[in-house]
Structures are given as structure tokens and as C-alpha cells.
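# Tertiary structure, described
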Amino acid sequence: MMRSRFSAYARGDAQYIRRTWHSRSRPRSLDLNDGIRWTLLEVGRTTGGGLLDAEGTVEFAAHYRDADGRGVTRELSHFTRESGEWRYTGPV
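Residues numbered from 1 in each chain as written. Predicted model: local features only at pLDDT ≥ 70, side-chain atom pairs only at ≥ 80, totals over all residues. Heavy atoms only, no water.

Within the secondary structure, T57 is located in strand β2 (residues 55-66). Within the local environment of T57, its side chain forms a polar contact with the side chain of T47, the two groups lying 2.4 Å apart. For T57, the contacting residues outside a window of four places in its chain are R45, T46, T47, L76, S77, H78 and V92. (Helix = DSSP H or I, 4+ residues; strand = E, 2+ residues; numbered from the N terminus. Polar contact = N/O pair within 3.5 Å; in protein donor to acceptor, adjacent residues only side chain to side chain. Contact = heavy atoms within 4.5 Å.)

Right, dumping it as C-alpha cells:
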């Protein structure tokens, strides 16, 4: 799920990002910054998220380039199953 969401950010696919956001925390709208080019995702530590789990976390570093140069966003994200599908709920 983390990799597909990163790819959606890289492609500018706001519809997919919203669709994979949990309904209790999903924003009403999502404006992606066209000035950011997402270049690399590094997935670190994970907890849960297995076939029989209801929730899990993913620690990641998302690298990007923008008008100011290179940068990295780091987050420990929480995911929960909703209707049998993994959904992003937000940072931990």
C-alpha cells in the first residue's frame, strides 16, 4: 500500500490517494503540489500489516526535488483495514 500511494503522489493521482485514505481521516479535497517531483521511496521498519492483521505501521522516507533543491519527508504512517482493504489513517 505504501509503495502504491508513493507512486500515486509521483504521478499526481489525487483520486487514488483519496481512495486509499481511511474514511474517518480522508480530507474532503486534496491539492497536490505540481512543483514537487517525488524521486525515491525508502521503506524502513514495519509493524503488523499481515494477512490476518487489522492494522499496521510503516516508517518511510520519501525523497523529492522542488525549486529549492532536494529534500526528504519522513513519517511513521498508520494503516487500518476498511471493508477488507488497507487504508491510510495518518501519521502516528
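With a phi close to 55°, S83 is a non-glycine residue in the positive phi region. With respect to the secondary-structure elements, S83 resides in the loop between β3 (69-82) and β4 (85-91).

What follows concerns helix α1 (residues 2-11). Within α1, burial applies to M2, R5, F6 and A8. The buried residues of α1 occupy an angular sector of 160° when the element is viewed end-on, so they sit on one face. For α1, exposure combined with an orientation more than 90 degrees from the buried face picks out R3 and R11. Tucked into the core, α1 has its buried residues touching α2 (14-19), β1 (37-48), β2, β3 and β4. Backbone geometry just downstream of α1 places G12 in the positive-phi region, at approximately 80°. (Buried < 20%, exposed > 50% of the residue type's maximum accessible area, 1.4 Å probe, protein only. Arc of directions from axis to C-beta.)

Under the definition given, this model contains 2 salt bridges. R11 is the salt-bridge partner of D13, the closest N and O atoms lying 3.4 Å from each other. Given the relative accessible area of 26%, D13 is considered partly exposed. (Salt bridge = Lys/Arg side-chain N within 4 Å of Asp/Glu carboxyl O.)

To continue, consider the pairing of β1. One ladder, built from 9 bridges, connects β1 with β2; its direction is antiparallel. Among the inter-strand pairings, L40 is bridged to a residue of β2, identified as H63. A loop of 6 residues connects β1 with β2, the two strands running antiparallel in sequence, and G49 in this loop sits at a positive phi of about 80°. (Pairing = 2+ DSSP bridges.)

Below, the discussion takes up the pairing of β2. Sheet topology note: the β2/β3 ladder contains 12 bridges and is antiparallel. Residue pairing in the sheet places T57 in a bridge with H78 of β3. In this antiparallel pair of consecutive strands, β2 and β3, the connection spans 2 residues.

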